[in-house]
Amino acid sequence: MTREFALCPALSIRTRCVRSVGLCLLILLFVIFQNGVGIVRGYENLKSSSVHPVAVYLPPSFTCDYYASPTGSPSGNGTLSNPWSLQTALNQTSYIVAGKTLCLQGGIYRGKFKSTLNGGTVRAAFNEYPVIDGYVYTTLAEDIDDLQTSLKVANASAFFTPWRDGGATSLIIDGEAFYINSIVGNGVNVNRAAAGSSTVAVPHVTGTLVRLAGNQLFTAGNDTIYQDIEILNSEPLRNWQTDGAEGLRGNGIFNTGNGNKFVNLNVHDNLSGIFTGSSSSNTEIYGCLSYNNGMDDLAADPPGKGHGMYLENSAGFLKVYDNIVLNNFNNGTQFYGRSAASVGGDIQASVFANSGAPLASVPLQRNRNLIVGTETQRIPDVTVQNNFLFHPHSANGSNLTMGYGSGIDDGHVLNNYFVGGIGVGLTVDDATTITAAGNKFYTTFFGGINIQTTQSPYTVNNNMYYGTASNAYEFGNLTLNQNQTFTQWKSATGFDAASTINANPLPDTVIVNPNAYQSGRANIIVYTSSTASSISVNLSSSGLTDGQQFTVRNAFNFNGAVVATGVYSSTSPLINLPLSGVSTSVATPVGSSYTPTSTLPNFAVFIVVPNAVPLTPTPTHTPTATFTRTATFTPTGTFTPTFTPTATFTPTATFTPTPTFTPTATPISFVSGTVTYANAVGSPNPRFVSNVQISGAGSPPASGFSAFPGGTYLLGVGLGTYTITPSKTGGQNTAIGSFDAAKIAQLVTGQITFTSAQHIAADVTGNGFVNSFDAAQIARYSINTPPFGSTGTWIFSPASRTFNLTSLNITGADYSAFLMGEVSGNWNNTGARPMSDLEPEISADVAAPSLITAAEAEVTLPVIVKGVANKGVISYEFDLRYDPLVIQPLLNTVDVTDTVSRGLHAVFNAEEVGLLRVAVYGPMPIDADGILMKLKFIAIGPSGTSSPLVWERFLLNDGEPQIKTTDGKIDIFAIM
């Protein structure tokens, strides 16, 4: 049965049953017993088992009736061989109806899309990963002044005539919003400085980026399921004040329909991840991951805009179940309407954590994880139940506010975890009735477990408070306008008569919540107070079946490196998950140079995902059966018995000297081949790879290395079955840099295509497709700012070869080597760069300024470049030395706004004292000379001191054009 996500599944969920808390707790125990919902407290030793079930192949639980593809056509017919384009498919209201499934093939669907479907399912095709990316742009084809209401762009093909409600209605040029009235060819008629504009109407020059504003997926139809899709906006700008306000990024989902369901979506780097408008009703949001949504707004308090979820509804009941909402710029989720209705809903089994974490300007400030209330009308009925809320203990943020603004009539806060934060765990502002029971509160700082109320009588009881003493003044009573001890609180309010208080930390807790829409998928929530390096997790309630292969991912960096893999066995369901290393990695918001800090060692969230498997157990790969042609040679089957006397001879296994003799110094057979570089672009081609270790697993084992310069190897082995595996460490030869990241940016924006080898090398996140996150990982590698996925590692195709060796030698056992992240194809075996097949090298000049500044002042250094205009420069990287006793970089030390690098994305690393490492990349070539970038420092040295600015390394693209650098200096003087 699917969990009805409430304590009372038998009582038609909603919130009515929770009025009787005791009855519901009994029902909860029954549900846990029946469904095996796993709640494991403390650590258990990982039990190993020698029994490993055979992997099973599970067919898809759905049928694809129609198909869309990133390369589909408006004139397609929706078949696998002739798919629709996505927008065409979302218009097919006559075909995609209840009971029908539209399958999205893997790849990036770039644009803003509107669905008018009524019924049916839109989901990922089996074993494929579709991505909707709303970053759509072109360039101005002509200059415009501040009065023009028509403009010409280079390519308006993606700038469809927009819809008014919830869709793309404007263009953004240098922060100015242009409301679109009509589009004819590449001409666009507009209103100037429209809503969301960061500036008044100003002139704009030819070549300036023109971005399409609006939401990524606008769902205006009804009763449709949207499932297993990634939705983002890879737009690199995210400053509310300067870049175009809310229209620039747009929401991931903008829903105005009735009865729509959003299931297991990966929604990130939008304005708000999922928005349900006030006209929507009966929406269900289930199993979605929503993170890194929002924008910087330093003029606001707190300085962030955009939420993980923004929920309104005019009727019915909104269901928010089993979601994970992390690291969004403003609130995690707000069940809220500023001037619109939110009439009720149910929020259950979801994670709300670390809201406000991406705000670099206030690293210890956090925002509300969950807020319920509207500014204009009361919410009749809301339940917040079985959820998991968290802020770092040292961060200033609150977890849940109930009854914000105009308040609520009937509220239920049941069996939630409120952990961390200097703010308040639960605030009740305005409610007619509140039931708060079965909750757990834990903080290490004053105020984190307060319940503040303005009205009574309420039902507040059977809660557990950790990390405080009974005589601490940590219970807020706004009725008396004071903080109280636990005893005073109970006496003054009558609350918590049966509750407990404990000065110890919350016990280490692991919760496994299975997914109702995908067998074997589950969320794992971990609270820890200890310093353990790992934690044991029982997967018996995850929905995995015996033999099912699975992957565990870190929800804070879902597209990053894998945390663990395995094959599920019901006889040994425990796995050990690390609480360090890859589990601490956090996804950097697109366009930001600031990565939020990890919530470990106190909090982690993982997602178990069943591995994609072929529809059939790919006997197509058993052409190795063609190698077992020795099976046709089984006349030696009659011969083997005569050979097996050595089996009777093995009793002399006690006579083990012979095994030590079997490492036959003289090989009986040889395996030979060549290792070539798979992604060789330019000369030389083919390119060989030396110093690859070739390991032969057999009896006896063998090992060798590929030779220089030809990449050949010869491995002496014995007889029998041998598996030959190549591996290599080191030898990256400085071939990976920001240029590789820029190439991916060009691919993502549709400007170039990749070969299959480039696709493999580019997928450093290991999720099966290439997007802007791979570019970001590679750029971070170029300046040594982990995490960076698999960038810099070597993989081989095939990964290994297996032979059944007789006395014959094996030749032609060749391998192709991929250096992950090396997309441009410039790696060379000697460390020197290969000759370019493109244009000859052209010199360019980069100069750091020499400036005088006051002590304790912020200083902006304009770096000037000459000779790069229209030379195809899409990336650069450098190391700059400075005196750390005189100047220090600011948090936003690299600024490309209003420079020739506008539209490019910058990352930097200032961890090494006195060294600033910067990588800048993007899809649009630099088209002018001038200010390349601005570097921001603060002067900390006394008057009379100076800091040199020394370029230690400066690379344009992959080394072409060549660069001449001029060093600079900053002198500090006193203000008289």
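Remember, predicted model here, so these are calculated numbers, not experimental data.

Draft legend 1. Focus on the packing of helix α9 (residues 738-748) against helix α11 (residues 772-782). α11 packs onto α9 with a crossing angle of 170 degrees between their chain directions and a minimal axis gap of 8 Å. Taken as axis vectors, α9 and α11 run roughly antiparallel relative to one another. Only S772, D774, A775, I778, A779 and S782 of α11 make contact with α9, whose side of the interface consists of S738, D740, A741, I744 and V748. When grouped by side-chain class, the residues that make up the contact of α9 with α11 number 6 nonpolar, 3 polar and 2 charged.

Draft legend 2. Quick peek at the confidence of the model for the protein chain. Of the residues in the protein chain, 84% reach a pLDDT of 70 or more, and the chain-wide mean stands at 82. Between residues 1-58, whose pLDDT stays under 50, and residues either more than four places distant or in other chains, the model counts 117 contacts.

Draft legend 3. Representation of unusual backbone geometry within the structure. Here the residue pair L600 and P601 is connected by a cis peptide bond, since its omega of 15 degrees sits within 30 degrees of zero. When you line up the elements, P601 lands in the loop between β51 (574-578) and β52 (603-610). Across the junction of S699 and P700, the peptide omega takes the value 0 degrees, indicating a cis bond. Of note in the backbone geometry, D174 takes a positive phi value of approximately 50 degrees without being a glycine. With respect to the helices, strands and loops of the structure, D174 is situated in the loop between β10 (170-173) and β11 (176-184). A relative accessible area of 45% places D174 in the partly exposed class. Although it is not a glycine, N386 adopts a positive phi angle of roughly 60 degrees. The class for N386 is buried, based on a relative accessible area of 19%.

Draft legend 4. Quick peek at the state of the cysteines. Applying the stated criterion across every chain yields a total of 1 disulfide. Shown here is the disulfide that connects C64 with C103, its sulfur atoms set 2.0 Å apart. Across the disulfide from C64 to C103, rotation about the S-S bond amounts to roughly -85 degrees, and the bridge is consequently left-handed. On the criterion of sequence distance, the pair formed by C64 in the loop between β1 (38-41) and β2 (66-73) and C103 in strand β3 (residues 101-104) is long-range, its members being 39 residues apart.

Draft legend 5. Representation of α11. Burial analysis of α11 places 9 of its 11 residues in the buried class, the great majority of the element. By the burial criterion, the buried members of α11 are S772, F773, D774, A775, Q777, I778, A779, R780 and S782. The opening residue of α11, the one whose side-chain oxygen lies 2.9 Å from the backbone nitrogen of F773, is N771. With its phi angle positive at about 60 degrees, N784 sits one or two positions after the end of α11.

Draft legend 6. Representation of the packing of aromatic side chains. Under the definition given, this model contains 32 aromatic pairs. Here the aromatic rings of F556 and F603 are separated by 6.5 Å at their centres, their planes lie at 85 degrees, and the arrangement is edge-to-face. In this pair, F556 is assigned in the loop between β49 (549-554) and β50 (564-567) and F603 in strand β52, connecting sequence segments 47 residues apart. On the basis of relative accessible area, F556 is assigned to the buried category, the value being 7%. On the basis of relative accessibility, which here comes to 1%, the residue F603 falls in the buried class. The rings of F418, F441, Y465, F475, F486, W489 and F495 are connected pair by pair, giving a single aromatic cluster. The ring of W240 is capped by K305, whose NZ or CZ atom sits 4.9 Å from the centre of that ring. Of note, R801 hangs over the ring of Y815, and the distance from its end group to the ring centre comes to 5.5 Å.

Calculation rules
- Residues numbered from 1 in each chain as written.
- Predicted model: local features only at pLDDT ≥ 70, side-chain atom pairs only at ≥ 80, totals over all residues.
- Heavy atoms only, no water.
- Axes fitted to C-alpha atoms, helices over the stretch in contact; angles between N-to-C directions.
- Helix = DSSP H or I, 4+ residues; strand = E, 2+ residues; numbered from the N terminus.
- Parallel < 35°, antiparallel > 145°, perpendicular 65-115°, else oblique.
- Contact = heavy atoms within 4.5 Å.
- Nonpolar A, V, L, I, M, F, W, Y, C, P; charged D, E, K, R; others polar.
- pLDDT = per-residue confidence, 0-100.
- Buried < 20%, exposed > 50% of the residue type's maximum accessible area, 1.4 Å probe, protein only.
- Disulfide = S-S within 2.5 Å.
- Polar contact = N/O pair within 3.5 Å; in protein donor to acceptor, adjacent residues only side chain to side chain.
- Phe/Tyr/Trp six-rings, centres within 6.5 Å; stacked < 30°, edge-to-face > 60°.
- Lys NZ or Arg CZ within 6 Å of the ring centre and 35° of its normal.

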